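Working through the structure, step by step
Spelled out from the first residue to the last, the chains are:
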Amino acid sequence: MDKKFKITIYSKENCCLCDKAKAIIDRVKRYWELEVEEVDITMDPQLFELYKEKIPVVAIDGEPIFFGKISELWLKRELARRGE
C-alpha cells in the first residue's frame, strides 16, 4: 500500500482494552504504513469528558472509527477501503 495513514489512539494508563488496541495496531503496521500517535485523555479535560467511557478510541486520519474495542480484521478492512 502506498497511502500512509495517521492512527490516533485515545487512551489512559492501566487500560487493558487500550493495551490490546495498541497491540493490534502494531500487528497491522506490517501491512500498512501507519503514523501512530497516542493521546492520554487524562491530560485534557475535554477529551476525558468526551471519551472516558469509550476508550480506547481509535481514529484514522482524524476520524474516530473504533470505540471501546478494536478488531484487527475490521481495522484492516477500513484501511483497505480508504486506500483504494
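Along each chain, residues carry numbers from 1 onward, in the same order as the chain's sequence is written. For a predicted model such as this one, the threshold for reporting local features is a pLDDT of at least 70, and the threshold for listing and counting side-chain atom pairs is 80 or more; totals across whole chains, interfaces and linings nevertheless cover every residue. Side-chain calculation: all heavy atoms of the structure are included, whereas hydrogens and water are not.

For Phe, Tyr and Trp, rings pair up if their centres lie within 6.5 Å, where Trp contributes its six-membered ring, and each pair is then called stacked (planes under 30 degrees apart), edge-to-face (over 60) or tilted (otherwise). One pass over the structure, following the stated rule, counts two aromatic pairs. Their ring planes at 65° and their centres at 6.4 Å tell us that Tyr31 and Trp32 sit as a pair that is edge-to-face. The class of Tyr31 is partly exposed, set by a relative accessible area of 45%. Whether a charge sits over a ring comes down to the Lys NZ or Arg CZ being within 6 Å of the ring centre and within 35 degrees of the ring normal. Seen from the ring of Trp74, Arg77 lies directly overhead, with NZ or CZ sitting 4.7 Å from the centre. Residue burial is assigned from relative accessible area. The probe radius is 1.4 Å, only protein chains are included, and a residue is buried under 20% of its type maximum, exposed over 50%, and partly exposed in between.

A few words on the state of the cysteines. Note on terminology: disulfide denotes any pair of cysteine sulfur atoms within 2.5 Å. Following the criterion strictly, the structure yields one disulfide and no others. The partner cysteine of Cys15 in its disulfide is Cys18, sulfur to sulfur 2.3 Å. Its S-S torsion of about 75° marks the bond between Cys15 and Cys18 as right-handed, since a negative value means left-handed. With respect to burial, Cys15 and Cys18 carry one shared label: buried.

A few words on helix H1 (residues 16-28). Put simply, DSSP marks the helices as runs of H or I at least four residues long and the strands as runs of E at least two long, and each gets a number from the N terminus on. A helix's residues, less one, multiplied by 1.5 Å, set its expected span. With 13 residues, H1 should cover 18 Å at 1.5 Å per step; its first-to-last C-alpha distance of 19 Å lies within 8% of that length. Three or more residues of H1 are buried, namely Cys18, Ala21, Ile24, Ile25 and Val28. Taken down its axis, H1 places every buried residue within 120° of arc, on the same side. Among the exposed residues of H1, those pointing more than 90 degrees away from its buried face are Cys16 and Lys20. Against strand E1 (4-11), strand E2 (33-40), strand E3 (57-60) and helix H3 (72-83) lie the buried residues of H1. When we speak of the arc, we mean the arc of directions from the helix axis to the C-beta atoms. In what follows, a contact means two residues having at least one pair of non-hydrogen atoms within 4.5 Å.

A word on the pairing of E3. The two faces of a sheet get side chains in turn, since along a regular strand they alternate between them. Neither face of E3 is left uncovered, since the one carrying Val57 and Ala59 and the one carrying Val58 and Ile60 both have all their residues buried. As judged from the four bridges shared by E1 and E3, these two strands associate in the antiparallel manner. Each residue of the ladder has a partner; that of Thr8, found in E3, is Ala59. One ladder, built from four bridges, connects E3 with strand E4 (residues 63-67); its direction is antiparallel. Its bridge partner being in E4, Ala59 is matched across the sheet by Pro64. Pairing between two strands requires that DSSP report at least two bridges joining them. Here E3 hands over to E4 after two residues, with Asp61 in that stretch at a positive phi of 50°.

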